[in-house]
Amino acid sequence: MTKNVTQLSRIAAALTVTTLIGCGGGATTSTDIDAVDTSAPATGWELVWSDEFENATIDDNNWTREVNCDGGGNNEAQCYTDSEENAFVSDGALSIVALPAEEGAQKPYTSARLITRYKADFKYGRIEMRAKMPSGQGSWPAFWMMPTDEVYGGWPRSGEIDIFEAVNLKAADADGNPEAHIYGTLHYGQEWPNNDSSGQAYSLPDGANPADDFHTYAIEWQEGEIRWYMDDYLYATQRRSEVRYNSNGEATGLSHRGWYTEYFEQGTGELVTHWDNAPYDQEFYLILNLAVGGEWPEAVNETGIDAEAFENGQRFDIDYVRVYECASNPDTGAGCETVRPGYDSLDDALVEGAAPIPSPPSTGIAENLTIFDGTTNPNWPVWDCCGGSTPALVEDSAEGQVYEFSIGAEPTVMGFISRELFITEPAGQASPFDASPMEENGSVKFDLKMMSAPNDTTATWLFKIESSEGSTAVELPLMTGYVGPADTAGDTPEQGVWESYEFPLSALAGAGLDTSAIDVIMIFPAWGAGEGAVYRVNNVEISQESAYPELVIFEDEMNPDWPMWDCCGGSTPTEEIDNDEHGLTAEFRIGAEPTVMGFITRPVSGGGDTPFDASALADGGLLQFDMRVVSMPNNASAQWLFKVESSDGATAVELPISDSVEGQVPAAGEWQTYTFPIADLQAAGLDLSAIDVIMVFPNWAAGEGAVYRLDNVKFYHPDGDTPATTELTIFADTAADQWSIWDCCGGSTPTEEVDDADHGTVAEFRIGATPTVMGFLADDDVYFDASSLLSTGVVRFEMKVSSAPNDASAPWLFKIESGDTSTAVELAISESLEGADPITGEWQTYTFPLQTLYDAGLDISAIDVVMVFPAWGAGEGAVYRIDNAEIAAQ
């Protein structure tokens, strides 16, 4: 099956800390800046609603005053009132004033919040405010929008648009300067507390402070895009997410990561993630408020609330609020964009959102399922079918938290279940497990300790597994799955002893189990004979061993084949106890002699002569270690380096340690993790097949005085519980998932046709007058990594030429490409191991060793095209069929 080479992006994402302030995204904006004169005023906006605050009082037709002491959901310190002291109109402006409350009041401050809900609700347009901001530690003015009707669910599933907010203006920032930032933000996604947000901060370039004078704050909101402005300067743009699909219509990723939402579909009741215009495709209402304190302002700048700043009140003065409609297209809001030069710069206005990346289409490889290992799986609750008991979590002296089952007088069966009727935890959902991809090598495994035997000591202990709501099931004597020496296996579990059991999926499938939807696993004494039985269960899983290689060089102790090593300084690195988390670690000390240090497996340096072949880790594998610098080098400017060598130094890569995924330099006294993708090391020139030295050190001759410790030094694959893809069947009766039969350039559509009894359905190609090449093509961003097959693997297929080309002399060719044509090899088909040219009407096999293709320059880690065709421009009239095309072991 195919393998997606972008797996590493998931690692990087996990190591990336997302903050409120966004950064450049990964796609250009949809606005056509060439169609707009950025030096001229915007045109096409028509005023549809405004409040100029020219009346004597606040207009109740426009605004509703909220009255509550809820703290805004942010633990704010004010009560919102309808008092004229907190909100009033004078001199053509609205003033919202935060004041100290009377002694004994519910909250220490009073203020106002005005909303337009059900009085002025809007979808798309330009929403603008001219205002002067309050200042002081604890001040939090905002101009924002909330959905009128929460059609997608509670906050923030139905969205929130923060047009403007600022906290603690003029309070000192971390550098001692007056706080002057404003923020434009969207809130969306999953229901709290798993909500997401993205936005951008901005401050005026001349150092002016929003609390010094009036400024305009606006958004332009159109279908799929929202833009933020201060004084008509565009400082942020956010867009809907753009999903990338393959040719089968399956989501494979995001071409732009923007907003999203998650809501329950009305028809099915299913919770679904949407990467479309939702939730910003509904009506929203306006909100003006001035909060005091709360979780955000009190945690930054000078922290807390400065009572003196509010002693005489803080004023949020609003000159006007205006809403415009785009006359050219009110239904979408598009066509009236106010932009500026630089709008399309990826590192400028465009903000990356927090939408989850769609899971790539299934590769047919199942991830292992842990049902219980001391931690409960909410999708697989423990279960007593019929006895009325509740199996309990108990503390076992040897295993820690385990489940204990007790059978009473009522006949019953017990175990774990994943059916909707029995899911009780809010986070749980019925999750029948598809174990079919691991049917050949996977197993159902668990550990069991019988505390008390049934009263009927002859009762047979059973294992039962069901699928698809019980439509298929297999029941076996428990002891047939006993794992241990044959002479220790009894007829029943041994009392008081933990024992392991394993049932191969292949045997269960052979006995009639549909392994594609396993939903019940049971362990019990035979029905009606179990009274009195008490037993404990742990480590319940459906899994198969990883095919990815792994090397642990140091983890609590030294790997004797990879001893600690001082290249040149004459010291002997030692094992030292560190903190509780790290225990025994490897300690290195650098003296006056220049040296490098690390781990080595070369016999000349005391190693075990066991170079590590990391070739199979080229796609997604990592080299990782933890380090704590106990003492920095005397030379404080010394650069810390990481180096790895292969084949007795024939190839090597040396990098600053800050080139790790984490991008950090050592901090004295702190344990820090450093991760280096294997693919990056290979790209830098390292031969992955025989790695024999790993080094970490301050640069040569600058390390004197350094003392540092390493732990958890290992090569591994983060998907280590998922077997590596080792072979690919490109076509056998049909094309592989995420691959298709393909005509490059001739305009035809190759077809699937039925051939003889031995071949069944095959791929048929027909070449017309237009020159072309034909074969099999992987979907966008799908590649096959054949690295682990290099020494023994082949590309093999069968072909029958039904009609030869009109040009009988046309040579037949085989071509294979990798990495979106970054490398390719083309050979005469007669250069196959069989050495034969096609014979019309006969099925023939052709085999090309991967080693031959690799030696000819093919990057075998990302194969995405396999072609067979008569030479370009000479193939007209050819009709041929291909079957059993594969990349596999010889």
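Residues numbered from 1 in each chain as written. Predicted model: local features only at pLDDT ≥ 70, side-chain atom pairs only at ≥ 80, totals over all residues. Heavy atoms only, no water.

Along the backbone of the chain there are five helices and 56 strands. Taking the principal axes of the C-alpha coordinates as reference, the chain spans close to 95 × 85 × 75 Å. Residues classed as buried in the chain amount to 51% of the 890 residues present. At a minimum sequence separation of 6, the contacts of the chain that also span at least 24 residues come to 75%. Carbon and sulfur atoms make up 45% of the accessible area of the chain, which totals about 37600 Å². Computed over 37 positive and 148 negative side-chain charges, the inter-centroid distance for the chain is 5 Å. (Helix = DSSP H or I, 4+ residues; strand = E, 2+ residues; numbered from the N terminus. Buried < 20%, exposed > 50% of the residue type's maximum accessible area, 1.4 Å probe, protein only. Contact = heavy atoms within 4.5 Å. Areas by Shrake-Rupley, 256 points an atom, 1.4 Å probe, with all protein chains shown as cover. Lys, Arg positive; Asp, Glu negative; His and termini not counted. Charge placed at Lys NZ, Arg CZ, Asp CG, Glu CD.)

Scanning all chains against the criterion turns up two cavities of 30 Å³ or more. Roughly 40 Å³ of internal volume is contained in the second largest cavity. Considering the residues around the second largest cavity, the lining is formed by Ile730, Phe776, Val795, Arg796, Phe797, Val866, Val868, Ile882, Ala885 and Glu886. The set of elements that each furnish at least two residues to the lining of the second largest cavity consists of β51 (793–803), β55 (863–870) and β56 (879–889). Considering only residue class, the lining of the second largest cavity consists of eight nonpolar, no polar and two charged. (1 Å grid on protein atoms, 1.4 Å probe; cavity = no way out; pocket = protein on both sides within 12 Å on 5 of 7 lines; lining within 4 Å. Points joined across faces, edges and corners; volume = space filled by probe spheres on them. Nonpolar A, V, L, I, M, F, W, Y, C, P; charged D, E, K, R; others polar.)

With that settled, consider the side chain of Arg157. By secondary structure assignment, the location of Arg157 is in the loop between β10 (139–147) and β11 (160–165). Arg157 sits in the buried class, given a relative accessible area of 8%. A distance of 3.0 Å separates a polar side-chain atom of Arg157 from the backbone oxygen of Glu262. If sequence neighbours within four positions are ignored, Arg157 has contacts with Tyr152, Gly189, Gln190, Glu191, Thr261, Glu262, Phe264, Leu271 and Pro279. (Polar contact = N/O pair within 3.5 Å; in protein donor to acceptor, adjacent residues only side chain to side chain.)

Another aspect to go through is the sheet that holds strand β29 (residues 461–467). As a general point, the strands of a sheet are linked pairwise by backbone hydrogen bonds and lie either parallel or antiparallel. One open sheet holds the five strands; their spatial order is β24-β27-β33-β29-β30, and the pairing between them is antiparallel. Two strands close off the open sheet at either side, each with one partner strand: β24 (382–384) and β30 (472–477). Across the sheet, the mean angle separating the axes of adjacent strands is 20 degrees when strand polarity is ignored. Note that β24 and strand β27 (residues 414–417) share three bridges and pair antiparallel. Looking across to β27, one finds that Asp384 is bridged to Met414. (Pairing = 2+ DSSP bridges. Axes fitted to C-alpha atoms, helices over the stretch in contact; angles between N-to-C directions.)

In this section: the pairing of β29. Among the seven residues that make up β29, six are buried, leaving the element largely enclosed by the rest of the structure. Strand direction decides the pairing type here: β29 and strand β33 (residues 518–525), joined by seven bridges, are antiparallel. By the bridge assignment for β33, Ile465 is matched with Ile521. For β29 and β30, the ladder comprises six bridges, and the chain directions are antiparallel. Along β30, the bridge assignment pairs Leu462 with Pro477. With antiparallel pairing between neighbouring strands as the criterion, β29 and β30 make up a hairpin whose turn holds four residues, including Ser468 at a positive phi of roughly 50 degrees.

Here the focus is unusual backbone geometry. Geometrically, the link from Trp155 to Pro156 is a cis peptide bond, its omega value of -5 degrees lying close to zero. Phi angles above zero are rare outside glycine, and Asn301 is one such case at about 55 degrees. By the element assignment, Asn301 lies in the loop between β21 (284–292) and α2 (307–310).

Here we come to the environment of Ala808. Within the secondary structure, Ala808 is located in the loop between β51 and β52 (812–818). Judged by relative accessible area, Ala808 falls into the exposed class, the value being 77%.

Pairing between side chains of opposite charge can happen when their charged atoms approach one another. The full count for this structure, using the stated rule, is 36 salt bridges. Taking the shortest distance from any N to any O, the salt bridge between Arg709 and Asp578 comes out at 2.9 Å. You can see Arg709 sitting in strand β45 (residues 707–716) and its partner Asp578 sitting in the loop between β37 (574–577) and β38 (584–589), a full 131 residues away along the chain. The same class applies to Arg709 as to Asp578, namely buried. The partner of Glu645 in a salt bridge is Arg602, with the nearest N and O atoms 2.9 Å apart. With Glu645 in strand β41 (residues 640–646) and Arg602 in the loop between β39 (597–600) and β40 (622–631), this residue pair connects regions lying 43 residues apart in the sequence. Each member of the pair, Glu645 as well as Arg602, is classed as buried. Within the structure, one salt-bridge network assembled from shared partners comprises Arg126, Glu128, Glu220, Glu225, Arg227 and Asp232. (Salt bridge = Lys/Arg side-chain N within 4 Å of Asp/Glu carboxyl O.)

This part takes up the confidence of the model for the chain. Confidence in the prediction of the chain, expressed as mean pLDDT, is 88, and 90% of residues score 70 or more. Contacts from residues 1–41, a stretch scored under 50 in pLDDT, to residues over four places away or in other chains number 95 contacts. Low pLDDT, under 50, characterises residues 360–365; the predicted model gives this stretch 17 contacts beyond four residues in sequence or across chains. (pLDDT = per-residue confidence, 0-100.)

Bringing the side chain of Glu128 into the picture now. Tracing the backbone through its elements, the reader meets Glu128 in strand β9 (residues 125–132). A relative accessible area of 8% places Glu128 in the buried class. Only 2.9 Å separates the side chain of Glu128 from the side chain of Arg126, close enough to count as a polar contact. Discounting residues that sit within four places of it in the chain, Glu128 has contacts with Phe143, Tyr217, Ala218, Tyr320, Val321, Arg322 and Tyr324.

A few words on the packing of aromatic side chains. Under the counting rule described, the total for this entry stands at 44 aromatic pairs. Centroid distance Phe612 to Phe715: 5.0 Å. Interplanar angle 40 degrees. Geometry classified as tilted. With Phe612 in the loop between β39 and β40 and Phe715 in strand β45, the pair connects residues that are 103 residues apart, well separated along the chain. Per residue, the accessibility class of Phe612 equals that of Phe715, and both read buried. (Phe/Tyr/Trp six-rings, centres within 6.5 Å; stacked < 30°, edge-to-face > 60°.)

What follows is about the layout of surface pockets. By volume, the second largest pocket is sized at about 870 Å³. Gly72, Asn74, Trp155, Glu160 and His187 are the residues nearest the centre of the second largest pocket, which is lined by 33 residues in total. Where the lining of the second largest pocket is concerned, the elements lending two or more residues are β10, β11, β12 (182–189), β13 (195–202) and β21. Among the elements that make up the lining of the second largest pocket, the one with the highest residue count is β10 (six residues). Here the residues of the lining of the second largest pocket are counted per class, giving 15 nonpolar, eight polar and 10 charged.

Next up on the list: the pairing of strand β53 (residues 823–828). Alternating residues of β53 divide into Thr823, Val825 and Leu827, all buried, and Ala824, Glu826 and Ala828, none buried. Remark: four residues form the turn of the hairpin made by β52 and β53, two consecutive strands paired antiparallel; Gly819 in that turn has positive phi of roughly 60 degrees.

Turning our eyes to something else, we now look at the state of the cysteines. All told, the structure shown has five disulfides when counted by the stated rule. Each sulfur of the disulfide joining Cys69 and Cys79 lies 1.9 Å from the other. Taking the torsion about the sulfur-sulfur bond, which here is approximately 115 degrees, the covalent link between Cys69 and Cys79 counts as right-handed. A residue pair is termed long-range when its members are at least 10 positions apart, and Cys69 in the loop between β2 (64–65) and β3 (78–80) and Cys79 in strand β3 qualify at 10 residues. Given a relative accessible area of 23%, Cys69 falls into the partly exposed group. Each sulfur in the disulfide pair Cys744 and Cys745 lies 1.9 Å from the other. Its relative accessible area of 34% is what places Cys745 among the partly exposed residues. (Disulfide = S-S within 2.5 Å.)

Moving on, we come to a negative patch on the surface. Taken together, the side chains of Glu550, Glu555, Asp556, Glu557 and Glu575 make up a negatively charged region of the molecular surface. Among the secondary structure elements, Glu575 is positioned in strand β37. Judged by relative accessible area, which is 35%, Glu575 ranks as partly exposed. (Patch = residues over 30% accessible without salt bridge, like charges linked within 9 Å, V, L, I, M, F, W, Y side chains within 5 Å.)

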